[in-house]
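Observations on chain architecture
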Amino acid sequence: MELKLDNFRENTAQAVGDELLQANLTRFGRLSQGKRAASMARLYDVELARDRAQAVKDRSLADLPGLLKRLESNVIAAGGQVHWAADDAEARRIVLDIARERQVRSVVKGKSMTAEEIGLNPALEAAGIEVNETDLGEYIIQLAHQPPSHIIAPAIHLSRGQVADLFTRELGVERTEDEEELTNIARVQLRARFLAADMGITGANMAVADTGSIVLIENEGNIRFSTTAPPVHVAIMGLEKVVADLDDVVDILNLLPRCGAGQTLSAYASIITGPRREGESDGPGEFHLVILDNGRSRILADPVQRQALRCIRCGACMNHCPVYLASGGHAYGWVYPGPIGSVLTANYLRQGHGLDLPFASTLCGRCAEVCPVKIDLPQLLLDLRRKATEEPAWLGRPGPVEKLGTGVWSWLNIHPTALRAAAGLARAGRSLAGPLALAGGRPPLLPRGLARWARRRTMPDLARRPFSKLWPMLKPELDAAANRAGGRR
Amino acid sequence: MTGNHRQWIFDRLAEALKAAPPAAPERPEPRPLSPDPADDPWPGLEAAVREVAGEFHLVKSAEEALELAAQLCDRHRAAPDTAPRAALWDCPLFDDLGLDRGLTERGVATILPHLSEDAKAATAACDLGFTGADAVLADSGCVVVRARSATPRSVSLLPPVHVAFVNRRDLIAGLDSLPGTIKAMADEQGLLPSGIHLITGPSRTADIELVLILGVHGPKTVHVVGLDFDPSGD
């Protein structure tokens, strides 16, 4: 399955027609929202917790160069190695070089959206390296040859029946729809791979400048396994993931599991500092940290969009988004779906890509309400809409038809006589064409560009008589009513 | 992009911050996010451990601790006709309790994985793993363990059952107290242990239809054993 970028409308139309997907998404939205609300309600002070988390990220963003340098020297002091990648190609090259030099044949991977972002798996596979996704959801979609549809619940678009079919087909096991048995099948399949793997690859939820540590948050134990069994550990992080100290870690850890999975704490949070030490019998002998820019420094330079770099990838915005819950993650066409995905896709990819996504929002604001680091997502989406139409650098120029349309519309709005005349014409046209076509909500016989535009829109019905004609009759009535009310006073 | 990626990134970051310096807010007033533990912290901890599908036990003497450990081994043995196998940390707490000897006397096949030739394989073959927590968060049942040469990471991960012992003095209120606890683990050079693991209940997933399943790649069962006495006898 290939994701189709810049195709949100068609993708969504397909998703909305998929009854099974709709049922899966509806169930997911209901359950995840309830779980988050319950776990947040147990916080001593929700707003204080969010303010602290936001402050952590804003302080870090303001001091990124300093923190990254401190992180680098402390990782090295702990015996680790640090690699810098300006873009995805360099990040892939770094990981491939590490793997080749050590003759790595098989890799176990913890779920990492950053690894998805740089397209790591195809690159490793092309080099003849076996890649084993080990998070249950990632394992399922790897078997199904699909990309993740959610940043923390990657296979949530599939039902247990679909997973059962997949396991039977791909693994040759007896069909079962029991979640516990399905989970156990994956446990057995993957355990041998963990113990035999030459390299473990993970992301990083945070990196701590003061201690040179990375923090990994998970529930299954697959990330612990990937950082315990193989002889080499490579962690890939976006450069915005660095925080100053352990107090900062606590402020984020206090909210990430709650907002992500409705948990007070995830089953595992691991603070990894360098490779295993002399005399230790497990843990990797080598630790590599790959620090990735890939568009992040450009976002930092944008005073409006930079708050997107606060994102801690909890997924709450998508779990509460009416658009995500109707269209599913694949419709967004790239790695990051939902409201934050609509912001990140356009910002990371640029060159005109992803610019349909900011328009795929009702601006209802629930995403901003649930964001643990208070990213004002509707504001960022509106800013991107403006950029898509006004800023040549974003290459999202409006088409000539749209330009003409908005030009005519703005001229009409400052010329009332012309506006009335145009409305009169439209009314006449409607009474003629109405019986033919307007019943379907569509104006007939439009030129191709306009027809495409109109296909997605329902024309507002024009009043039979315009307000300007009604006003002379309405005014005396209103005046009389006002007089009566005044008389009573 | 070719050339020095590190320099390129730092140049871009400096440029970005210079053009429009972002606000850097202070940490909002540090008020407690978790309540202080009660005088008797055990009932609260028990409730927290149960809530994350763990099991809690309280013992009042070394003898009781050994009896409980042996019972757990018996309960979780893989087959009724073979001795239960347990991987143990080699730590002062277990020395004080006499855990290795006590379990062996009670018919448990114990190993100290760091002394095995293949520590990971040996640990993976065990029915239970026994660790001593550096700290436990009273409000969430979260067990904090650290990797050292005689206290391998695998023991809390590979066997299907994890048993963590905790001293009363190692209970901390919650996440707010965690930074201090972790900083205290640093060596003279300020270096933290290679692996510090926060473990809250059994390994779990909800990746299929958000249905909670315990025991994916880590233990399916986690026992937290509170020691309501001073095992060092001081």
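As a reminder, the structure under discussion sits directly above these lines.
It should be emphasised that the depicted structure is a prediction, and the values quoted were computed from it without experimental measurement. Along each chain, residue indices are assigned from 1 in the same order as the chain's sequence is written. Labels are handed out in written order, letters beginning with A for the chains and numbers beginning with 1 for the ligands. In keeping with the predicted nature of the model, local features appear solely for residues at pLDDT of at least 70, side-chain atom pairs appear and are counted solely at 80 or more, and the whole-chain, interface and lining totals rest on all residues. Heavy atoms from the whole structure form the basis of all side-chain values; hydrogens and water molecules are not counted.

All right, on to the packing of helix 3 (residues 46-62) of chain A against helix 12 (residues 246-253) of chain A then. Residue and element names in this part refer to chain A. An axis is simply a line fitted to the C-alpha atoms; with a helix, the fit covers only the stretch in contact. Between two such axes, the angle follows the N-to-C directions and lies from 0 to 180 degrees. For the purposes of this entry, the term helix denotes a DSSP run of H or I that reaches at least four residues, the term strand denotes a run of E that reaches at least two, and both are numbered from the N terminus. Viewed as axis vectors pointing N to C, helix 3 and helix 12 meet at an angle of 130°, and their least axial separation amounts to 8 Å. By the angle between their directions, the pair helix 3 and helix 12 is classed as oblique. Classified by chirality, the crossing of helix 12 by helix 3 is left-handed. Two secondary-structure elements touch here, helix 3 through Arg52, Ala53, Val56, Lys57 and Arg59 and helix 12 through Asp248, Asp251 and Ile252. Under the grouping applied here, Gly and all other residues not named as nonpolar or charged are polar, the nonpolar ones being Ala, Val, Leu, Ile, Met, Phe, Trp, Tyr, Cys and Pro and the charged ones Asp, Glu, Lys and Arg. Tallied by class, the residues present in the contact of helix 3 with helix 12 amount to 3 nonpolar, no polar and 5 charged. Relative orientations are named as follows: roughly parallel for angles under 35 degrees, roughly antiparallel for angles over 145 degrees, roughly perpendicular for angles from 65 to 115 degrees, and oblique for any other angle. Note: crossing handedness is left-handed where the near helix turns anticlockwise from the far helix by less than a right angle, and right-handed where it turns clockwise. In this description, contact between two residues means that some pair of their heavy atoms is separated by no more than 4.5 Å.

Attention now goes to the sheet that holds strand 1 (residues 55-59) of chain B. Within a beta sheet, neighbouring strands are joined by backbone hydrogen bonds and run either parallel or antiparallel to one another. All names here are of chain B. Here, strands pair whenever DSSP counts at least two bridges between them. Pairing is parallel across the open sheet formed by 6 strands, whose spatial order is 1-12-7-4-2-3. Two strands lie at the open edges of the sheet, namely strand 1 and strand 3 (109-111), each paired on one side alone. Across the sheet, the axes of successive neighbouring strands diverge by a mean angle of 25°, strand direction being ignored. As defined by bridge partners, strand 2 (residues 85-88) adjoins strand 3 across 3 bridges and the pair is classed as parallel. Of the residues in strand 3, the one forming a bridge with Arg85 is Ala109. Across the sheet, helix 2 (residues 42-51) lies against strand 1, strand 7 (161-167) and strand 12 (221-227), angled at about 155° from strand 1, the strand it touches most.

Here we come to the environment of Val56(A). All names here are of chain A. Along the chain, Val56 falls in helix 3. Buried means the residue's accessible area, taken with a 1.4 Å probe over protein chains only, is under 20% of the maximum for its type, while exposed means over 50%, and partly exposed covers the values in between. Using a relative accessible area of 0% as the deciding quantity, one classes Val56 as buried. With 193 residues separating them along the chain, Val56 and Val249 place their C-alpha atoms 8.6 Å apart. Residues in contact with Val56, not counting those within four places in the same chain, are Val243, Asp248, Asp251 and Ile252.

Let us now look at the pairing of strand 12 of chain B. Residues and elements named next belong to chain B. Within strand 12, 7 of the 7 residues are buried, which leaves it mostly tucked inside the rest of the structure. Residues Thr221, His223, Val225 and Leu227 of strand 12 are buried on one face, and the alternating residues Val222, Val224 and Gly226, pointing to the opposite face, are buried as well. Relative to strand 12, strand 1 runs parallel, the two being bridged by 5 bridges. Residue pairing across strands places Glu55 opposite His223, the latter belonging to strand 12. Here strand 7 runs beside strand 12; their pairing, made up of 7 bridges, is parallel. Considered in strand 12, the bridge of Phe165 is made with Val225.

With that settled, the discussion passes to the pattern of salt bridges. Each salt bridge in this description consists of a side-chain nitrogen of Lys or Arg and a carboxyl oxygen of Asp or Glu lying within 4 Å of one another. Scanning the entire structure with this criterion turns up 47 salt bridges over all chains. Where Asp251(A) meets Arg27(B), a salt bridge forms, and the shortest distance between an N and an O atom there is 3.5 Å. Of this pair, Asp251(A) sits in helix 12 while Arg27(B) sits in the loop between helix 1 (5-19) and helix 2, each in a different chain. Judged by its relative accessible area of 28%, Arg27(B) falls in the partly exposed class. For Arg169(B), the salt bridge goes to Asp230(B), with nearest N and O atoms at 3.8 Å.

Moving on to helix 2 (residues 19-41) of chain A. All names here are of chain A. Look at helix 2: 33 Å from first C-alpha to last across 23 residues, which is about the 33 Å you get at 1.5 Å a residue. For helix 2, every residue scored as buried is listed here: Leu21, Gln22, Asn24, Leu25, Phe28, Gly29, Ser32, Gln33, Arg36, Ser39 and Met40. One side-chain oxygen at the N-terminal end of helix 2 lies 3.2 Å from the backbone nitrogen of Leu20; it belongs to Asp18. Multiplying 1.5 Å by the residue count of a helix minus one yields the expected span of that helix. N or O atoms closer than or at 3.5 Å make up a polar contact, with two conditions inside protein: a donor-capable atom paired with an acceptor-capable one, and, for residues adjacent in sequence, both atoms drawn from side chains.

We now examine the side chain of Ser106(A). All names here are of chain A. Topologically, Ser106 is positioned in strand 2 (residues 106-109). The class for Ser106 is buried, based on a relative accessible area of 11%. Residues within four places of Ser106 in sequence aside, it is in contact with Ile129, Glu130, Asn132, Ala196, Ala197, Asp198 and Met199.

A separate point is the environment of Leu112(B). Residues and elements named next belong to chain B. Of note, Leu112 is situated in the loop between strand 3 and helix 6 (119-124). In the structure, Leu112 is positioned 43 residues away from Val155 in sequence and 9.5 Å away in space, judged by C-alpha atoms. In contact with Leu112, not counting residues within four places along its chain, are Leu88, Trp89, Asp90 and Asp100.

All names here are of chain A. The strand order across the open sheet built from 6 strands is 1-10-7-4-2-3, with neighbouring strands paired in parallel fashion. The open sheet has two edge strands with one neighbour each: strand 1 (81-85) and strand 3 (130-133). Direction aside, the axes of adjacent strands within the sheet are offset by 20° on average. With 3 bridges connecting them, strand 2 and strand 4 (residues 199-202) associate as parallel partners. Among the inter-strand pairings, Val107 is bridged to a residue of strand 4, identified as Met199. Its contacts with the sheet place helix 4 (residues 64-77) against strand 1, strand 7 (232-238) and strand 10 (286-292), and it is angled at close to 145° to strand 1. Here helix 10 (residues 179-196) sits on the sheet in contact with strand 2 and strand 3, set at roughly 125° to strand 3.

Interface size is commonly expressed as the accessible surface area that is lost when the partners come together. In this assembly, 100 residues from chain A lie in contact with 74 residues from chain B. Buried area: the accessible surface (1.4 Å probe) lost by two parts on joining, summed over both. Taken over both partners, the interface formed by chain A and chain B buries close to 7,600 Å², and the fraction arising from carbon and sulfur atoms is 61%. On the chain A side of the contact with chain B, Arg52(A), Arg187(A) and Arg224(A) bury the most area, a combined 8% of that side's loss. At the boundary of chain A and chain B, one finds 9 salt bridges. One salt bridge in this structure joins Arg42(A) and Glu51(B), with 2.3 Å as the shortest N-O distance. For the pair chain A and chain B, the interface holds 36 residue pairs in polar contact (both at pLDDT 80 or more). If you tally residues by element for the side of chain A that touches chain B, the top one is helix 10 of chain A, at 10 residues.

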